[in-house]
Structure formats: C-alpha cells, structure tokens
Amino acid sequence: MDMATHRMFWLMVSRNPQFVFMTKTRKLRLREVTWLVQCPTGRKEDADAPVTKDESTSTSQDPRALPEKSLQRSAKVVYILEKKHSRAATGFLKLLADKNSELFRKYALFSPSDHRVPRIYVPLKDCPQDFVTRPQDYANTLFICRIVDWKEDSNFALGQLAKSLGQAGEIEPETEGILTEYGVDFSDFSSEVLDCLPQGLPWTVPPEEFSKRRDLRKDCIFTIDPSTARDLDDALSCKLLADGNFEVGVHIADVSYFVPEGSPLDKVAAERATSVYLVQKVVPMLPRLLCEELCSLHPMTDKLTFSVIWTLTPEGKILGEWFGRTIIRSCTKLSYEHAQSMIESPTEKIPEKELPPISPEHTSEEVHRAVLNLHGIAKELRKQRFVDGALRLDQLKLAFTLDHETGLPQGCHIYEYRDSNKLVEEFMLLANMAVAHKTHRTFPERALLRRHPPPQTKMLNDLVEFCEQLGLPMDFSSAGALNKSLTTTFGDDKYSLARKEVLTNMCSRPMQMALYFCSGVLQDQTQFRHYALNVPLYTHFTSPIRRFADVLVHRLLAAALGCGELPDLEPEALQKQADHCNDRRMASKRVQELSTGLFFAILVKESGPLESEAMVLGVLNQAFDVLVLRYGVQKRIYCNVSPHGPLGQGQLQDAGTPPLLCKALPPLTDTPSCVRCTPACPPAFCRGPLRICPASGGKHGGWEHRPGSLLSSLALENTSCGGDTGHVEAEGVPSLTLLPSTTSTKPT
C-alpha cells in the first residue's frame, strides 16, 4: 500500500457505520476501549511540535507500573481490508478566498455539512457555468460531492460534484442528501429484480402449498399495527381451551417463499438489509408488490405465514410449543388505537362504526375477547420478564402530523407507548426467543442470533460516580437492578417523569449496540447473552418484510423443521452478512434521527417560536445540554454564542465535588437576574423555560432562553438508547440542578 493510499484512509467506528477521515492522531471509541489511531503524516500545525522533557519522561515510563485508568491504549492502522463508505457528502460550494492563487482559477471549495468530512477542492469545470461570476446565487444550494483523492501535501481532499440537490432547508433535497451520505439505496428496483416476482396477478396461494402447510384460515387471527402501516408482517391469535388455558399464535409473513436464495431479488435485499423509515416515507428493502401486497397480511385474504403457536396458562407459563409453515386469513386490521380502546373498555361493546371491517366468519365480540385475553397474558409475561432482570430504557420519540398537500409538518407530539403496544411487543419477544433456541439447538454452528453486550465499563463507572455525587440511589450491578432503580428512585411530583427521562437518557449512553452474529464464529457462549432482555439467546424472526436478518432466520427455521434447505452459507460468510446487517441497521437509525430533526427544524421555522420547559442534561465550560421535555429533543446551548452577545461569564467547578456552574444571564428588565446551577437539590436536574425559534441566517431551528436571549443555529440532535434500538455514543458530561436566584421573577 503506497503512502498516498495510506494517507487517505477511512476508519469505521463500531458506534457508527460511517467512516471518518483521520489525520495525525485522533481519539475514537472502538468497542470498550479508546484507541489512538496514528497516521504516517500529520497536520501542518503540529507536525514539527517539539517533545518536551516531561513528555519524554512520561513516554519512557513503564506502563505496567501505572494504574489501568491512567493508560491510553493505542493502535496503528496497518492495512485497509474493505472500503465501505460511499465517500459522498452534502454541502455547499464557495469560491476560494485567495483570488490571486493558482488554485482559484482551477477549483472551488466544497464545505460538507458533516464536520467529520474534510473540505474538498472541486474542479470548476464540474460547477455550474455561472458559479464563478454569480456565486451568491448558489449560496443556499445543496450539492453532493464524492471524494476521489487526498494528496499528502494538501489539507483538503479532491472531489467531483455528483449532483445539485436543490435549496437547503427544503424537505426533499435535504432528505436525498441524508440518504446519499449514509449509503441508502433509494433507486428503483431493476427489471432483473422485478422479474423474480410472481407475474400472474392477482396472485393466489398455489394448491400444492395446502398440503405442505397447516391451514389456519378459520381461526380468529388479526393484525395490530400503526394506523398508517401498509407492510403488515405479523398477526396474532388467541383461542380459549377447554381446560382454561390458551392457544396463542404469532403468525409472520413467509417472505422467504417469495425470495429464493441466490436470486437477484435475494441479492438486492441482502445488500439493502433493512427498510429505512423516514418521517414522510419508507425506502423499502423489497419491491412494494411484496412489501405492501403479496407478503403483507391484509385482512380477508389468504396469506402464507410462518407460525409459532404455544399452549399458555393465564399466567403466561408455556405448556407446549409448535413451529411450522401455515396459511392464514386475517379477519381484521386493527390499529393500536383500536386495540387500546378494547383494552380500556373490557365490558363495553365497541360500536361497529369505530372498528375496521371484520370478516363475516367472526364477530367484533370475538376479536375483542381475544385482545383482552392476549392483554392479560402479556401483562403476566411482562411482569415476569422484569422480575427475571430485564431492562427497558424508553426515550421520548417525536411523531409528526403532515399536511396532505404540501407534505410540511403541521404539528408534532411525543409518541405514546401504551398497553396495546406492549401487548404486541411481548408476543414478538416470546417468538424471537423461541426461534433463537430452536435454530441454535438444531444448528449450533450456523444460527443467526442477536446479542447485546454489557455497558461500556468506563462510561458506566463515570455515571456511577456522578450519581453518587448527587446522592442518587442507583444500582448499576445488573440490568434488572438498573431497571428497578429507574422505576423507584423518583418521587410523584409533576417533574418526576422529567427527572426519569433525563436519567434514562444518561443511562443509555454507556449502553452498547445490539448486534447480529453467527453462533459458530463467537466461541464464548457467555457473550451470546442479551444484556437488556437478560436472556441467553435471542434473534429477530418477526419482521422479514423490513429486515433481511429475519429472512435468513426464516430459512434456518425451515431447515430445522425439515421443510426447507439449509442456507448455503458457511459460518464466516453468515457472519459477514450479519456485520453488513449491523452496519445498515445503524445507518438506517441515524437516517431516521436526521429525518426527525429535519422535520422538527422545518416545523419551528414555519410555526415560529415554540415554548417548552427543559431540563439540563449536562454542563461544559461554556455550554450546557438540555432535554426539551415537550418535544423529546436534545440541544447543546453555547453560552458565548447569542444574538445579544456572549451570555455572561461562567465558571464550572468540577474537582471531586458535585459540579457547580455560576452563570449570569442578561436581564429581561432592569431587575438583575441570574441563574445559579447548584447541587443543592440533586433529583431536580435543572428545569427552565426555553423558546425554540427559527435561527437567523440558518436552515435549522434555534433556541432562545428567557430571561435574556440565547440562540444557537446548530442542527437538532436526537440520542437513541441502547439495546435493540441502537445507540449513538456520546461523551458523558456532568448534570446538575438549576435554581433561580432570589431576584428572578420566573423559574429558570
């Protein structure tokens, strides 16, 4: 590998599927340690920096004599096995500053929106024809640029303009830029792929399938999904038995029937690996004919499914278990709202006009009774899971209402997770665990499983120390102990839920991402465990329409039952596909977060200032992080960036005692007003009114704090939690209590 190739390298961080350019030395988090990645050539400003005597002495000291916490582990990139990043970035074009330079006549400067990507020289011949004479016309135009080289003697990379997206701040250009940056394939499916689909439409179940499958078409089976869902891949059934027990079924769309292994359709699904859910649309993993028609479990239509059926006691104890391919006919499509109304009205008949159409073979009372029975069992299953040591870190999720004509956001609200959601979740978890055990028993070297490692040690220790400083009685010894602490620590005043949200957010930071893996590659079976669920084996089986990992698991289950061929994948090849699924899942999650941030920023821009209370998550020297309770979004507020000048002078004291920040705010009136951050009231992590308002001169929403004013135009940022919903890593920072001074007229 030549020096130029070594100079321009991309390093994939396990927390983020994207690669980032590195020069000289940079710190990155890889798994549970921080690595120092070194490159042969460094930045100009520190290439010739002398080594001081103290530095020389410290580097020569025997590291074995130092405590573990004092060591900085280091590594050196020696070879690039695979380049995964598309090297595409969205950003803006500018003329070079030095008009007299030779470069000015050849190149324009591309400034990526993502600060991790270097600035790029773009040939002027790639730019719009009138860019040099009228650069101001393109000041707000988004472009896509791809990096092609990075010379050793240049601080900037070289690239080519790929496309002009449109105006910054508009939904479709911004969305296309996000998808391109994260390598999401949103192109139309090729004719070769579409040729793999059934051609004779409307499609019906072939007669030979009835002899190979269990016929459940007469059973009362129904779906429960979001009201707008079109890819219905799971259905439920519940039948009361003569002995008082229940026959409960989870029925999953048999996508593997329509996706032959090795076909062009299989290859494109494996490459996409997951559907990507944006606020306004879905980028599907499979052609829409499959996602929304042939595989989707629409009511009153015969569908091919893979089922797990249990005999359960009313307390949720498993007495029997059956796996197999089936044919079902769903009797109705319930939304979560429909199921919730049934749960909340156990003795009342739901009016027919408030329910979706139900097939004539079944009645609304029969469906209502089945939902109530499932709800009762689900409550017992959930209670037992948490008794057994499960952990759930629920974080606020923002949902939008969109204008049907313009597609612009009209409003937003926190998505409410209710009993109907919990009902479905419990049986999906039960099915996933059952299939994990079945496939691992049959194929101990080839099972595709999902593990969730324990929290990162250092970050967890930092959080433990922080909670001890504030006197919070948190137990981090296990997932179950942490879950119990989160449910019992806080009081019952109106801010107790907000305190829990803040601490839940902080507890999610040390959590690692859950990962797909092949059981034959990971030798230590103790690493198979799922930390958050606190179970030895887990997999994904219940969403094959939108996750390729589930399609692979379906094929393994079919082989285990003797009704399908074992996938033609050795453990190493299966692990490579698992790694790819992990990468695409993380990219999908990040794209979803950026889409949410984009729509929220546009809502703020269109609607004007929005007022909400916020709690402080953490404090730095000249900034503090807040969680806006009404909208569930996080923001870093910089005290030295304000349209009215720097927000006073602050001093952060953090030396072995609870952190203390004193900050003077410009008064709203002539009355002096200040905000004093103090650990005097540990549980109340700091609350105060914020105004979220459009940022002047920027495309994103800003933040304004009263009294006085504080405005920041940085992009909105959402933090996800660990486990099966993923995790975006963030450095731990101290959090504290914010109290008004005696002269303040309103709480801040």
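Nothing here was measured: the structure is a model prediction, and the numbers come from that model.

## Points about the overall build of the protein chain
Alright, step 1. Secondary structure assignment for the protein chain yields 16 helices and 32 strands.
Alright, step 2. Residues counted as buried form 54% of the 748 residues belonging to the protein chain.
Alright, step 3. In the protein chain, of all internal contacts separated by at least 6 residues, the share reaching a separation of at least 24 is 67%.
Alright, step 4. Of the roughly 35,000 Å² of accessible surface on the protein chain, a fraction of 51% belongs to carbon and sulfur atoms.

## Considerations on the nonpolar core
Alright, step 1. Judged by nonpolar contacts, the single largest core of 87 residues is most densely connected at F222, L423 and F427.
Alright, step 2. Take this core: its biggest share by element is ten residues, from helix α15 (residues 548-560).
Alright, step 3. In this structure, L423 is in contact with I224, L236, I343, V371, L374, H375 and A378, ignoring residues within four places of it in sequence.
Alright, step 4. By size, the runner-up hydrophobic cluster in this structure holds 25 residues, among which are F476, L503, L617 and L627.

## Overview of the confidence of the model for the protein chain
Alright, step 1. Mean pLDDT over the protein chain: 80, with 76% of residues reaching 70 or higher.
Alright, step 2. For residues 663-687, every residue scores under 50 in pLDDT, and the model assigns this stretch 88 contacts once sequence neighbours within four places are set aside.
Alright, step 3. Note on residues 695-748: pLDDT is under 50 here. Beyond four places in sequence and across chains, it has 218 contacts.

## Some thoughts on the sheet that holds strand β13 (residues 234-240)
Alright, step 1. Spatially, seven strands are ordered β11-β18-β17-β14-β13-β12-β19 in an open sheet, and the strand pairing comes out mixed. What marks the edges here is a single partner per strand, and that holds for β11 (214-215) and β19 (332-335).
Alright, step 2. By the bridge criterion, seven bridges tie β13 to strand β14 (residues 246-253) in an arrangement that is antiparallel. Looking at the pairing, L236 lines up with V250 of β14.
Alright, step 3. Taken strand by strand, helix α10 (residues 364-387) contacts β12 (221-225), β13, β14, β17 (302-312) and β19, and its axis lies near 95 degrees from that of β13.

## Overview of a nonpolar patch on the surface
Alright, step 1. Taken together, the side chains of V78, Y79 and L81 present a nonpolar region at the surface, about 430 Å² in accessible area.
Alright, step 2. If you trace the backbone, Y79 turns up in the loop between β5 (75-76) and β6 (88-94).
Alright, step 3. Taking relative accessible area as the criterion, Y79 reaches 58% and is therefore assigned exposed.

## Considering the environment of L430
Alright, step 1. Mapped onto the secondary structure, L430 falls in helix α11 (residues 419-442).
Alright, step 2. Sequence spacing of L430 and W310 is 120 residues, and the spatial spacing of their C-alpha atoms is 9.9 Å.
Alright, step 3. Residues contacting L430, with those up to four places away along its chain left out, are W310, I318 and L381.

## Comments concerning the pattern of salt bridges
Alright, step 1. Following the criterion strictly, the structure yields 32 salt bridges and no others.
Alright, step 2. Residue K151 is joined to D149 by a salt bridge in which the shortest nitrogen-to-oxygen separation is 3.1 Å.
Alright, step 3. On the basis of relative accessible area, D149 is assigned to the partly exposed category, the value being 22%.
Alright, step 4. Between D215 and R217 there is a salt bridge; the shortest N-O distance is 2.8 Å.
Alright, step 5. A network of salt bridges, in which partner residues are shared, links R382, R385, R392, D394, E425 and E426.

## A short note on the pairing of strand β18 (residues 318-329)
Alright, step 1. Where β11 and β18 come together, two bridges link them in parallel fashion. Looking at the pairing, D215 lines up with I327 of β18.
Alright, step 2. Direction of pairing for β17 relative to β18: antiparallel, over a ladder of eleven bridges. Opposite W310, over in β18, you have E321 as the bridge partner.
Alright, step 3. In this structure, the hairpin formed by β17 and β18 is closed by a connection of five residues, where G316 is found at a positive phi of approximately 90 degrees.

Rules of the game
Residues numbered from 1 in each chain as written. Predicted model: local features only at pLDDT ≥ 70, side-chain atom pairs only at ≥ 80, totals over all residues. Heavy atoms only, no water. Helix = DSSP H or I, 4+ residues; strand = E, 2+ residues; numbered from the N terminus. Buried < 20%, exposed > 50% of the residue type's maximum accessible area, 1.4 Å probe, protein only. Contact = heavy atoms within 4.5 Å. Areas by Shrake-Rupley, 256 points an atom, 1.4 Å probe, with all protein chains shown as cover. Core = buried A, V, L, I, M, F, W, Y, C linked by side-chain atoms within 4.5 Å. pLDDT = per-residue confidence, 0-100. Pairing = 2+ DSSP bridges. Axes fitted to C-alpha atoms, helices over the stretch in contact; angles between N-to-C directions. Patch = residues over 30% accessible without salt bridge, like charges linked within 9 Å, V, L, I, M, F, W, Y side chains within 5 Å. Salt bridge = Lys/Arg side-chain N within 4 Å of Asp/Glu carboxyl O.

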